[in-house]
Amino acid sequence: MMEQFGLLRFIPLIPLAGAALNILFGARLRPQFAGFLACGAVALSFLVSLAVFWLLPASGVFRDVLFIWIDSEPFKAQLSFQADALTAVMLLVITGIGLLIHVYSLGYMGDDEGMTRYFAYLNLFVFFMSLLVLADNLLLLFVGWEGVGLCSYLLIGFWYEDHTNTIAGNKAFIVNRIGDFGFLLGVLLLFWEMGRQGVWTLNFSELERAAHLLRPESVTLITLLFFAGATGKSAQIPLYVWLPDAMQGPTPVSALIHAATMVTAGVYMTARLHFLFSLAPATLAVIATIGALTAFFAATIAVAQNDIKRVLAYSTVSQLGYMFLAAGVGAFSAAIFHLFTHAFFKACLFLGSGSVIHALGGEQDMRKMGGLRRYLPTTYWTYLVAALVISGAPLTAGFFSKDQILWQAYASPNGSTQLWLLAWLTAGLTAFYMFRQLFMVFHGACRVAEPAKARLHESPAAMTVPLVLLALGSIFAGWLGTPDFMWGSVWDPWLQSVLGVQEAVDDAAPGGELFLMALTLGIAALGFLLAFLLYGRESRVAERIAATTIYRWLAHKYYVDEIYDCVFVRPFTACARWLAQIFDPGFIDGFVNGVASTIRAGSLSWRRIQSGDVQHYLFAFLAGTLLIFAYLLGR
Amino acid sequence: MAPLNYYLVLSAIIFAIGVAGVVIRRNFIVILLSIELMLNAVNLTFIAFARYLGSMEGQVIVFFVMTVAAAEAVVGLAIIISIFRHRRSLDPREMQLLKW
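Please read all numbers here as calculations on a predicted model, not as lab measurements.

Undergrad: How should I be thinking about the environment of Phe 204 of chain A in this particular structure?
TA: All names here are of chain A. With respect to the element layout, Phe 204 can be found in helix 7 (residues 204-210). For Phe 204, a relative accessible area of 3% corresponds to the buried category. With 429 residues separating them in the primary sequence, Phe 204 and Leu 633 have C-alpha atoms 75 Å apart. Each residue touching Phe 204, except ones within four places of it in the same chain, is listed here: Gln 82, Ala 135, Asp 136, Asn 137, Leu 138, Leu 141, Arg 272, Leu 273 and Phe 275.

Take a look at the structure:
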């Protein structure tokens, strides 16, 4: 059921207009005004999204066709937007949480010189992200996909005076490029394979109708290529390395782009193309395995980080792993549900860390914090709530969404005990690293250096109000998707129209879900206890742990960056240097210059025939004429 | 009456002498004379054919050629005089400025 809904186009276009105004006229406006303009644009966009969400009929689709973009018989692509249940959810996350983060930025970036530029980029990001989720064909989705990557790059390197920020931005962009290359290949291959069946389209609904025409092996290859794109954008093994470095950007950016929205684009894409992924069991197995491994691997690294934002960055990678685990076992609805709840609590955590960094004047090392609970009460309480939620405290959002994933990983036909075990261990690690961080930052003795300590202050209302709202959201967002033995899920039926009815979980042991839940709670409580024992009290154990080899491995992130550097970056740069310094000047230039000098030498000798003597010319003329005569006569 | 071939052969010989003169001689005035020789060889051919075919057109062309040859001689001699005033020489080998 399709309905025309003309308002749809305004969701991306208003932020685009905001960005354009700020870019074109921002220099002449007061910086504060630029911020309000950006916030207003996103607020309007949020209102329209709410209207879409409200008016969208069950299992209905809103469409808004702007114009025909590509008309090349037999292929035709429209620039048109569509909103179904999945898109509506994503829109609410993007514009809703985006709005809170915009407001927060008013406080956080209040005294930054580049505020106009900052808000222009942020609005541009909202434009591309909503374009990505509103796209009704793969090409338009790809435009959004690349656009958010660009905004991510621009915002990571926002403080470009510091060279490390620029490097981090480049790293994010290049690593994403590798994934995007796979994604683009997937699109082209899909286009080609569909074309061989006579279906020239990239439109989602038409693809879904024709998906069964594809050969199984080509579906597997196509979906694997798509997943390669997702590993880049959503920071999965092996391309996750850019996300921790992306924390060089301003903290609200980390919250919006690198936690709540952009990095979930891969999950969204997987859910959007679930009809293809469902046809490729091999790909699903790969996705589930990579998701579970990433979740576990990143959580172990997070345990040993001392930078407040890096802990959260690895936590994000880990939670994204959860989402892919869910998608990999076929539980796309659970993946999107976790995406939704994660957006709240991780944005809350990032903004809370931003509040701490703001209060400390830019300090990010947790070893130089401690005891901040007394100085930043609001931040502390919201942080505590979010930490509880991400650790899976009962009746909070993280509890419901994570348990759904764990249950699916165990009980779904594609799931297995190993996958569940990894996810289960990750749950314990999550509680451990979150409370380690909480204790290090907010509890214990205050280790802040003296001049900064005097200036400690709670953040302004523009920053605390979003924190409180997000903390509330973290608790209550999960109540949309409770398990069946409570009041059941309103979430799954809502998404069923898009994602299809999931295969019924074979519930051999009644109460199995309850049992797993108890196990998860158990390990999370264990993680909390361990964190309390090691970091919650004054003890020297933590220091002794920090001296062990395994801790050093974790603190250095398993030396993955160093390995990548040795295996890929160095050979590549060496190769490039050889090309630039030896091959190019020697061979390419040698060839070009050789041609030129040969011709020059030839010309120098041949120009002698132009003697300037009229009689020579006449003689040549005569000889030519005689030759022509001879030819004509002899023929 | 002498056969046509005699005229044609004579004309070819005169033309060849003219060509050789233009290419070989080192004096502009002689070169100009050789050009006149070539023109007149052609004229002879025209006349011979006009007689042979009993047509007037060849004879008309000859008048045109003579007119043009007269004009050409005037312009050519004027140029030669001008060159001589400048360079005190009529040797074409010394007029080689337009090269390379």
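Undergrad: What should I look at first to understand the packing of helix 17 (residues 397-411) of chain A against helix 22 (residues 512-536) of chain A in this one?
TA: The angle between the axes and the distance between the axes are what describe a pair of packed helices. All names here are of chain A. Running from N to C, helix 17 and helix 22 point in directions that differ by 120 degrees, and their axes come no closer than 10 Å. It follows from the interaxial angle that helix 17 and helix 22 lie oblique. By crossing handedness, the relation of helix 17 to helix 22 is classed as right-handed. Residue-level contacts link Phe 399, Asp 403, Leu 406, Trp 407 and Tyr 410 of helix 17 to Gly 512, Glu 513, Leu 516, Met 517, Thr 520 and Leu 521 of helix 22. Here the residues of the contact of helix 17 with helix 22 sort into seven nonpolar, two polar and two charged.

Undergrad: Before we go on, may I ask you to explain the packing of aromatic side chains in this structure?
TA: How two aromatic rings sit relative to each other is given by the distance of their centres and the angle of their planes. Residue and element names in this part refer to chain A. Taken as a whole, this structure holds 35 aromatic pairs over all chains when the rule is applied. Ring geometry for Phe 5 and Phe 62: centres 4.2 Å apart, planes at 10 degrees, overall stacked. With Phe 5 in the loop between strand 1 (2-4) and helix 1 (10-25) and Phe 62 in strand 2 (residues 61-72), this pair connects stretches of sequence that are 57 residues apart. For the pair Phe 5 and Phe 62, a shared accessibility class is recorded, and that class is buried. Here Trp 145 and Phe 183 contribute two aromatic rings whose centre-to-centre distance is 4.6 Å and whose plane-to-plane angle is 10 degrees, an arrangement assigned as stacked. Taken as a pair, Trp 145 in helix 5 (residues 138-156) and Phe 183 in helix 6 (residues 163-196) lie far apart in primary sequence, 38 residues in all.

Cut-offs applied
Residues numbered from 1 in each chain as written. Chains lettered and ligands numbered in written order. Predicted model: local features only at pLDDT ≥ 70, side-chain atom pairs only at ≥ 80, totals over all residues. Heavy atoms only, no water. Helix = DSSP H or I, 4+ residues; strand = E, 2+ residues; numbered from the N terminus. Buried < 20%, exposed > 50% of the residue type's maximum accessible area, 1.4 Å probe, protein only. Contact = heavy atoms within 4.5 Å. Axes fitted to C-alpha atoms, helices over the stretch in contact; angles between N-to-C directions. Parallel < 35°, antiparallel > 145°, perpendicular 65-115°, else oblique. Left-handed = near helix turned anticlockwise from the far one by under 90°. Nonpolar A, V, L, I, M, F, W, Y, C, P; charged D, E, K, R; others polar. Phe/Tyr/Trp six-rings, centres within 6.5 Å; stacked < 30°, edge-to-face > 60°.

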